[in-house]
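Residue-level structural notes
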Amino acid sequence: MTKYEKQIYEIVSELAGHLTADQIFSELKKTYPAVSLATVYNNLNKLCETGLIRKVSVEGSPDRYDRIAKHDHLVCRKCGKLTDICFKDLTDSLKERLGEDFFSYDLKVFYICPECRAKGDS
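Summarised in this report is the structure supplied together with it. (Residues numbered from 1 in each chain as written. Predicted model: local features only at pLDDT ≥ 70, side-chain atom pairs only at ≥ 80, totals over all residues. Heavy atoms only, no water.)

1. A word on the pattern of salt bridges
Summed over all chains, the structure comprises ten salt bridges. Across the salt bridge formed by E115 and K81, the nearest N and O atoms sit 3.5 Å from each other. Pair noted here: E115 is in helix α5 (residues 114–118) and K81 is in the loop between β4 (72–76) and β5 (82–85), with a separation of 34 residues, a long-range link. The exposure class assigned to E115 is partly exposed, which follows from its relative accessible area of 41%. Accessibility expressed as a relative area gives 38% for K81, which makes it partly exposed. Three or more residues joined by partner-sharing salt bridges are found here, namely R54, D66, R67, D84, D106 and K108. (Salt bridge = Lys/Arg side-chain N within 4 Å of Asp/Glu carboxyl O. Helix = DSSP H or I, 4+ residues; strand = E, 2+ residues; numbered from the N terminus. Buried < 20%, exposed > 50% of the residue type's maximum accessible area, 1.4 Å probe, protein only.)

This is how it looks when you write it as structure tokens:
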């Protein structure tokens, strides 16, 4: 693992939230001021391909990066806030329904978050 891969992995694994590539770039520049955004994207792609982190895509928002520990997401339709949540594991049910194995699943539940509801944005 290169120094950039290692640092990006640590940023994604240790910082709270679901960071975009630009946010990861800003964090990485604190340690490596000469790093380029292209280097960040290349290393994020490598880390995703090797299964060390995962990309969370939501239509209309930039991709965000997350740790691989099993969890699901709530996505606010108003502000775009992405929140971790753990629902019952659906792996066995999905295997039974599909009749075969699969690689993974990504559950995102779209709703209006409490903050947006409080503002009357529902």
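On we go from here.
2. Things to note about the sheet that holds β4
Taking strand neighbours across the sheet as the criterion, the three strands line up as β5-β4-β6 in an open arrangement whose pairing is mixed. With one partner strand each, in any of the chains shown, β5 and β6 (108–111) form the two edges of the open sheet. When the angles between neighbouring strand axes are averaged without regard to direction, this sheet yields 30°. Bridge analysis of β4 against β5 gives four bridges, and the strand direction is antiparallel. What sits directly across from H73, in β5, is D84. (Pairing = 2+ DSSP bridges. Axes fitted to C-alpha atoms, helices over the stretch in contact; angles between N-to-C directions.)

3. Re the nonpolar core
Core analysis: the largest hydrophobic core is formed by 14 residues, its most contacted members being I8, I24, V40, L44 and Y65. Mapped onto this core, the elements with two or more residues apiece are α1 (3–14), α2 (21–31) and α3 (37–49). With four residues, α2 is the largest single contributor of residues to this core. (Core = buried A, V, L, I, M, F, W, Y, C linked by side-chain atoms within 4.5 Å.)

4. Some details on the packing of aromatic side chains
Each pair of aromatic rings is reported with the distance of its centres and the angle of its planes. Within this structure, the stated rule accounts for two aromatic pairs. Taking 5.2 Å as the distance between ring centres and 80° as the angle between the ring planes, the aromatic pair formed by Y4 and Y32 counts as edge-to-face. Of this pair, Y4 sits in helix α1 while Y32 sits in the loop between α2 and α3, and the two are 28 residues apart along the sequence. You can call Y32 partly exposed: its relative accessible area is 21%. In this structure, R77 packs its charged tip against the face of F110, placed 4.2 Å from the ring centre. (Phe/Tyr/Trp six-rings, centres within 6.5 Å; stacked < 30°, edge-to-face > 60°. Lys NZ or Arg CZ within 6 Å of the ring centre and 35° of its normal.)

Read these as layout, nothing more, since geometry by itself doesn't imply function.
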